[in-house]
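# Analysis of the macromolecular model
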Amino acid sequence: MLKSKEYTSTSLSQLGEFGLIDHLTQHIKLTQKSTIKGVGDDAAVLEVKDQQMVLTTDLLIEGVHFDLSYMPLKHLGYKAVMVNLSDVYAMNAQASQLTISIAVSNRFPLEAIEELYAGIYLAANTYGVDVVGGDTTSSTSGLLLSITAVGHAVAEDIVYRSGAKPTDLLVVTGDLGAAYMGLQILEREKEVFKVNPQNQPDLDPYAYLIERQLKPEARKDVIELFKKMEIVPTSMIDVSDGLSSEIMHLCKASKVGAKLYEEKIPLDPAMINVCEEFKLDSTTITLSGGEDYELLFTLDQKDYDAIKGNPNFTVIGHMTEEKEGAHLITRANQQIKLEDRGWNSF
Ligand code: TPS
């Protein structure tokens, strides 16, 4: 029998997800003329004829990213598409095509897989993208779902993580932390919730939070707003791992610092209530919870008038010189160094 190789042990949890990515990509040298930039943004950017194409992929694993005891398969399909579209929108690009690959054990009957795909197709139709391919195979360890999304934009519109300037405003869409608190409720109840089809979150104090966890929406509307308002953020990222690590990514890529004001972080009242119920600090949850799939971006101050008063946007801070580092300014006016303590796969 073939024996697996013995490895000297460096633990992945010591490295962390981003340490592992840096390690595995450190020697990449781009050889294709069509590749605009290397690994490091929400999506890769390629030049195809005169268009810029963006390309991103995400892998979702049962037991790591989702728990089928409360995640209905239709929602899983929908959410898996959102996770990918959010990465395309984070580049300020329009999404156009998807490929869907699944590995599935024979514990799932056809009807279950049909439900998964009903969610995938619902998301694709709602967001105007085509499913154009994929792969289907068997699995001995539950369900694995890998989606690749393709998008496009003209070169001037593409937004990387690296364009923030020291005086730019730091802006976020929507509200934060609700998806994580939805997860806490679902983990507590461990039963299948049905998201209210009539979208009436006030009927149930938890409905909004559960919906944010089970049926997130990617912010295509925001990308369209940018176009209408004729503004292009200087840098952008989606909030999938938590505000803290996303801000750190922008700072690192742009070589700037940041000041984030605790009192400005947008919270839904239901999120605040449930944090109290769970005795959790709402700011900590927004910093490290993740899965909000909102857009975090930096904006030149001259563009402030365009977003002023628009309920989609909240200015939560501003960028600074790199040497000042990234800090949270608390309600008590204390300055706390931001740490990269978001969701980490390892
Ligand atoms: C059962 N979770 C899953 S993916 C993710 C987070 C915070 C962020 C992005 O992941 N366990 C269960 N369900 C969940 N929703 C979570 C954990 C939380 P990646 O960096 O792998 O793309």
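What you are looking at is a predicted structure, and each value in this text was computed from that prediction instead of being measured.

### Things to note about the packing of helix α2 (residues 73-89) against helix α3 (residues 110-127)
Where α2 meets α3, the axes come as close as 6 Å, and the angle between the chain directions of the two elements is 35°. As α2 runs across α3, the sense of the crossing is right-handed. Of the residues in α3, those in contact with Leu 73, Lys 74, Leu 76, Gly 77, Tyr 78, Val 81, Met 82, Leu 85 and Tyr 89 of α2 are Ala 112, Glu 115, Leu 116, Ala 118, Gly 119, Ile 120, Leu 122, Ala 123, Thr 126 and Tyr 127. Residue composition of the contact of α2 with α3, by class: 14 nonpolar, 3 polar and 2 charged.

### Structural notes on the side chain of Ser 105
Mapped onto the fold, Ser 105 is located in the loop between β3 (94-104) and α3. For Ser 105, a relative accessible area of 10% corresponds to the buried category. Apart from the residues lying within four places of it in its own chain, the contact partners of Ser 105 are Ser 139 and Gly 142.

### So, the packing of helix α4 (residues 178-189) against helix α8 (residues 269-277)
Following both chains from N to C, one finds α4 and α8 inclined at 45°, their axes separated by 10 Å at the closest point. The angle between α4 and α8 places the two elements in the oblique class. For the pair α4 and α8, the crossing hand works out as left-handed. Side by side, α4 and α8 meet where Ala 178, Met 181, Ile 185 and Arg 188 of the first sit next to Met 271, Val 274, Cys 275 and Glu 277 of the second. Along the lines of polarity and charge, the residues of the contact of α4 with α8 split into 6 nonpolar, no polar and 2 charged.

### Some words on the sheet that holds strand β5 (residues 144-153)
Pairing within the open sheet is mixed, and its 5 strands lie in the order β1-β2-β5-β3-β4. With partners counted over all chains shown, the strands left at the sheet margins are β1 (44-48) and β4 (130-138), one partner each. Across the sheet, the axes of successive neighbouring strands diverge by a mean angle of 20°, strand direction being ignored. The pairing of β3 with β4 spans 8 bridges and is classified as parallel. Across the sheet, Ile 100 pairs through a bridge with Gly 134, a residue of β4. Here α2 sits on the sheet and contacts β2 (51-61), β3 and β5; the angle it forms with β2, its principal contact strand, is near 145°.

### Details of α3
Look at α3: 26 Å from first C-alpha to last across 18 residues, which is about the 26 Å you get at 1.5 Å a residue. Where α3 is concerned, the buried positions are Ala 112, Ile 113, Leu 116, Tyr 117, Gly 119, Ile 120, Ala 123, Ala 124 and Tyr 127. The arc that holds every buried residue of α3, seen down its axis, measures 145°, which confines them to one face. Turned more than 90 degrees away from the buried face of α3 sit Leu 110, Glu 111 and Asn 125, all of them exposed. At its buried positions, α3 is contacted by α2, β3, β4, β5 and α6 (220-229). Immediately beyond the C-terminal end of α3, within one or two residues, lies Gly 128, with a positive phi of roughly 70°.

### Structural notes on the pairing of strand β7 (residues 235-238)
Alternating positions in β7 separate into two faces, Ser 235 and Ile 237 on one and Met 236 and Asp 238 on the other, with burial throughout. Taken together, the 4 bridges between β7 and strand β9 (residues 295-299) define a ladder with antiparallel strand orientation. When the bridges of β9 are listed, Ile 237 appears paired with Leu 296.

### Here's the deal with the pattern of salt bridges
Counted under the stated rule, the structure contains 17 salt bridges. For Arg 161, the salt bridge identified is with Asp 42, shortest N-O distance 3.3 Å. Separated by 119 residues along the polypeptide, Arg 161 in the loop between β5 and β6 (169-173) and Asp 42 in the loop between α1 (12-25) and β1 bring together distant segments of the chain. Taking relative accessible area as the criterion, Arg 161 reaches 12% and is therefore assigned buried. Asp 157 is the salt-bridge partner of Lys 227, the closest N and O atoms lying 3.0 Å from each other. Here Lys 227 is found in helix α6, whereas its partner Asp 157 is found in the loop between β5 and β6, with 70 residues between them in sequence. Asp 157 sits in the buried class, given a relative accessible area of 17%.

### Some remarks on the sheet that holds β6
Paired through their backbone hydrogen bonds, the strands of a sheet run either parallel or antiparallel. If you walk across this open sheet you meet the 7 strands as β7-β9-β6-β10-β8-β11-β12, and the pairing is mixed. The open sheet terminates on both sides in strands that have one partner only, identified here as β7 and β12 (335-337). The mean inter-strand angle of the sheet, taken between neighbouring strand axes irrespective of direction, is 25°. With respect to the sheet, α6 is in contact with β6, β7, β9 and β10 (313-321), its orientation differing from that of β10 by roughly 75°.

### Topic: the nonpolar core
Counting 71 residues, the largest nonpolar core has Leu 76, Leu 85 and Leu 98 as the members making the most contacts within it. At 9 residues, α2 tops the list of elements feeding residues into this core. For Leu 98, the contacting residues outside a window of four places in its chain are Val 81, Leu 85, Ala 124, Val 129, Asp 130, Val 131, Val 132, Gly 133, Ile 147, Thr 148 and Ala 149. Core analysis: the next-biggest nonpolar cluster, separate from the first, contains 21 residues, Val 172, Val 239, Leu 243 and Met 319 among them.

Criteria and thresholds
- Residues numbered from 1 in each chain as written.
- Predicted model: local features only at pLDDT ≥ 70, side-chain atom pairs only at ≥ 80, totals over all residues.
- Heavy atoms only, no water.
- Axes fitted to C-alpha atoms, helices over the stretch in contact; angles between N-to-C directions.
- Helix = DSSP H or I, 4+ residues; strand = E, 2+ residues; numbered from the N terminus.
- Left-handed = near helix turned anticlockwise from the far one by under 90°.
- Contact = heavy atoms within 4.5 Å.
- Nonpolar A, V, L, I, M, F, W, Y, C, P; charged D, E, K, R; others polar.
- Buried < 20%, exposed > 50% of the residue type's maximum accessible area, 1.4 Å probe, protein only.
- Parallel < 35°, antiparallel > 145°, perpendicular 65-115°, else oblique.
- Pairing = 2+ DSSP bridges.
- Expected span 1.5 Å × (residues − 1).
- Arc of directions from axis to C-beta.
- Salt bridge = Lys/Arg side-chain N within 4 Å of Asp/Glu carboxyl O.
- Core = buried A, V, L, I, M, F, W, Y, C linked by side-chain atoms within 4.5 Å.

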